[in-house]
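Secondary and tertiary structure notes
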Amino acid sequence: MAALGWLTPRRRSATARSVLAGEASAEAARKSSQEAQEIPQAVEEEPEFPVFGDDRAAAFFDLDNTVMQGAALFHFGRGLYKRKFFETRDLARFAWQQAWFRLAGVEDPEHMQDARDSALSIVKGHRVAELQTIGEEIYDEYMADRIWPGTRALAQAHLDAGQKVWLVTAAPVEIAQVIARRLGLTGALGTVAESVDGVYTGKLVGEPLHGPAKAEAVRALAMAEGLDLSRCAAYSDSHNDIPMLSLVGHPYAINPDAKLRKHAREKDWRLRDYRTGRKAAKVGIPAAAGVGAVAGGTAAAIALSRRRR
């Protein structure tokens, strides 16, 4: 029977430490039980968004690095180079600008202005219809595989809710419209190049649709469409688009640059980041190729073009 002594309860009184351990364990169990009961309730209380059937709501998406990796204008330039619209030395400049954009992850006004000036000089004298047709081809060649699936899903959620979805970009409106149409979106706001009798003059109508100009375009479209901006959503990666994001009731920072991330956290805006891994690892090879195009001249530019086809 002595061997079974371990089965009988011990009559030692609980020490202060054991009492404390017991009380702590009971408190932890009670707290865990309460949290488990509260989680479903918190989920149920979160309002559905986007709101199905709200025809006074719409969504506005920036394009470069928000919907698509890289800058649409640079991909367009590559397509025009392939069709011999300009010389190899110009491709080197486009490659450097694209490499800088992908490495920095932000829009530099000087680089963007240089790219726009280059594009305007290249298309001067060409027919609008010709560029629209070429834009369709360039989308398939360089842009279709660069669409962020996560952002595309966000846009589709608005469409499924019965809302209109617009691209808002500094890229030429003809290219923006091609991308919007191919993604099944409602339409696009973009930079308008002047044309006379269907031929580009090499000038802009007004200024590029960038920064505050985007906000003004969204405001004007909302008024024309009868939208309530407090019920609308906007999505962008760049701090340059804070004016547009601040217009709507549901601003989202997508793949945000450092300044936008900081601002979004201060304003309690929602953030989504669809980039994977470290940015340096992600863009290092293309960036090096872009620098090589500048340093190596013609040979490196042609190598870059072949590599990305």
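Residues numbered from 1 in each chain as written. Predicted model: local features only at pLDDT ≥ 70, side-chain atom pairs only at ≥ 80, totals over all residues. Heavy atoms only, no water.

A count of helices and strands for the protein chain gives twelve helices and eight strands. Looking at the protein chain as a whole, 46% of its 309 residues are labelled buried. Counting only contacts in the protein chain whose residues sit at least 6 apart along the sequence, the fraction spanning at least 24 positions is 63%. Of the roughly 16,400 Å² of accessible surface on the protein chain, a fraction of 55% belongs to carbon and sulfur atoms. (Helix = DSSP H or I, 4+ residues; strand = E, 2+ residues; numbered from the N terminus. Buried < 20%, exposed > 50% of the residue type's maximum accessible area, 1.4 Å probe, protein only. Contact = heavy atoms within 4.5 Å. Areas by Shrake-Rupley, 256 points an atom, 1.4 Å probe, with all protein chains shown as cover.)

Taken across its five residues, strand E1 (residues 58-62) has five buried, putting it largely inside the fold. Residues of E1 alternate between two faces, with Ala 58, Phe 60 and Asp 62 on one and Ala 59 and Phe 61 on the opposite face, all of them buried. Two elements, E1 and strand E2 (residues 164-172), share five bridges in a ladder whose sense is parallel. Paired with Asp 62 across the strands is Val 168, a residue of E2. In this structure, E1 lies alongside strand E6 (residues 233-236), joined through three bridges in parallel fashion. The residue bridging Phe 61 from the neighbouring strand is Tyr 235, located in E6. (Pairing = 2+ DSSP bridges.)

So, on to the packing of aromatic side chains. Taken as a whole, this structure holds two aromatic pairs when the rule is applied. With 4.1 Å between their ring centres and 5° between their planes, Phe 61 and Tyr 235 make a pair best called stacked. Of this pair, Phe 61 sits in strand E1 while Tyr 235 is found in strand E6, placing the two residues 174 residues apart along the sequence. Each member of the pair, Phe 61 as well as Tyr 235, carries the same accessibility label: buried. Aromatic pair Tyr 235 and Tyr 252: ring centres 4.6 Å apart, planes at 20°, arrangement stacked. One end of the pair, Tyr 235, is in strand E6; the other, Tyr 252, is in strand E7 (residues 250-254), and 17 residues separate them in sequence. We classify Tyr 235 as buried; its relative accessible area is 2%. Among the residues examined, Tyr 252 registers a relative accessible area of 5% and is labelled buried. In this structure an aromatic cluster arises from ring pairing among Phe 61, Tyr 235 and Tyr 252. (Phe/Tyr/Trp six-rings, centres within 6.5 Å; stacked < 30°, edge-to-face > 60°.)

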